[in-house]
Amino acid sequence: IYTTSTALTVANLPNDGRTLYVRLNTQIGGTWTFRDYTFTSPVVAASQMLSPVPGSTLNGPTVVFTWTPVPNASRYRIEVGKGVNRRDYASISSTGTTVTVPRLPTDGSTIHVRLNTIFGTREDYRDYTYISGPVRESPPPGTNLRFVPV
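The paragraphs below set out a description of the structure included in this document. (Residues numbered from 1 in each chain as written. Predicted model: local features only at pLDDT ≥ 70, side-chain atom pairs only at ≥ 80, totals over all residues. Heavy atoms only, no water.)

Looking now at the overall build of the protein. What the protein contains, in helices and strands, is zero helices and nine strands. Shown N-terminal to C-terminal, the secondary structure of the protein runs as helices and strands in the order β-β-β-β-β-β-β-β-β. Taking 150 residues into account, the globule formula puts the C-alpha radius of gyration at 15 Å, and the protein, at 24 Å, lies well above it. Based on the C-alpha atoms only, the size of the protein along its principal axes is roughly 95 × 30 × 25 Å. Per-residue burial over the protein gives 26% buried out of 150 residues. Carbon and sulfur atoms form 53% of the exposed surface of the protein, whose accessible area is close to 10700 Å². Distance between charge centres in the protein, computed from 14 positive and 9 negative side chains, equals 2 Å. (Helix = DSSP H or I, 4+ residues; strand = E, 2+ residues; numbered from the N terminus. Rg over C-alpha atoms; globule rule 2.2 N^0.38 Å. Buried < 20%, exposed > 50% of the residue type's maximum accessible area, 1.4 Å probe, protein only. Areas by Shrake-Rupley, 256 points an atom, 1.4 Å probe, with all protein chains shown as cover. Lys, Arg positive; Asp, Glu negative; His and termini not counted. Charge placed at Lys NZ, Arg CZ, Asp CG, Glu CD.)

As structure tokens, then:
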């Protein structure tokens, strides 16, 4: 990549902890010189959603989300909305791995969830989608049902 700038952003680098090698070439007058550098790519350590299963249909307006713990995470934040990176329904921070999100729609719409794993000032995240489900009308647990022949 050629540039006359002293800064350059390079996209799509790996995020798995491997060593990256960089050679910086500099032309002064008509003479080229270079310097080699090594960097370690960051490891994305975002938590993963356990339940509800990503892509599933939610079973009502109140949902309990549970995710995997990540070592050295200072906290987690779950954002729930109508689109990616939106917070229309909730933005909840927690030091634990479970939160309850109330007042979700039940109209069959797509619900987007971003699970942020926070390490001090750094955040890693994963995005998930769900389908809002209908409110299931059923008798409460323990209700005695009676069969009535027709």
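There's more to say after this.
Following the criterion strictly, the structure yields three aromatic pairs and no others. Ring centres of Y37 and F39 lie 6.4 Å apart, and the angle between their planes is 25°; on these two criteria the pair is classed as stacked. Looking at Y37, the relative accessible area reads 32%, which means it is partly exposed. A cation sits over an aromatic face here: R114 above Y125, 3.7 Å from the ring centre. (Phe/Tyr/Trp six-rings, centres within 6.5 Å; stacked < 30°, edge-to-face > 60°. Lys NZ or Arg CZ within 6 Å of the ring centre and 35° of its normal.)

This part takes up the sheet that holds strand β4 (residues 63-67). Strand pairs in the sheet, formed through backbone hydrogen bonds, run parallel or antiparallel to each other. If you trace the three strands from one edge of the open sheet to the other, you get β3-β4-β7, paired in antiparallel fashion. The strands lining the two open edges of the sheet, one partner per strand, are β3 (49-51) and β7 (98-101). Shown here is a sheet whose adjacent strand axes are inclined to one another by a mean of 35°, direction ignored. Pairing between β3 and β4: two bridges, direction antiparallel. Along β4, the bridge assignment pairs M49 with W67. (Pairing = 2+ DSSP bridges. Axes fitted to C-alpha atoms, helices over the stretch in contact; angles between N-to-C directions.)

A cis amide bond, omega -5°, links S51 with the succeeding residue P52. Structurally, P52 is set in the loop between β3 and β4. In this structure, N85 takes a positive phi of about 60° despite not being glycine. On the secondary structure map, N85 appears in the loop between β5 (75-81) and β6 (90-94). Here R103, not a glycine, exhibits a phi torsion of approximately 60°, which is positive. Among the secondary structure elements, R103 is positioned in the loop between β7 and β8 (110-119).

Moving on, we come to the pattern of salt bridges. Pairing of side chains with opposite charge becomes possible as their charged atoms draw close. For the coordinates displayed, the defined rule picks out seven salt bridges. A salt bridge links R77 to E123; its shortest N-O distance comes to 2.9 Å. With R77 in strand β5 and E123 in strand β9 (residues 122-131), the pair connects residues that are 46 residues apart, well separated along the chain. The exposure class of E123 is partly exposed, given its relative accessible area of 34%. The partner of E79 in a salt bridge is R87, and the shortest N-O contact between them spans 3.1 Å. Since its relative accessible area comes to 46%, R87 is described here as partly exposed. Sharing partners across several salt bridges, the network here consists of R77, E79, R87 and E123. (Salt bridge = Lys/Arg side-chain N within 4 Å of Asp/Glu carboxyl O.)

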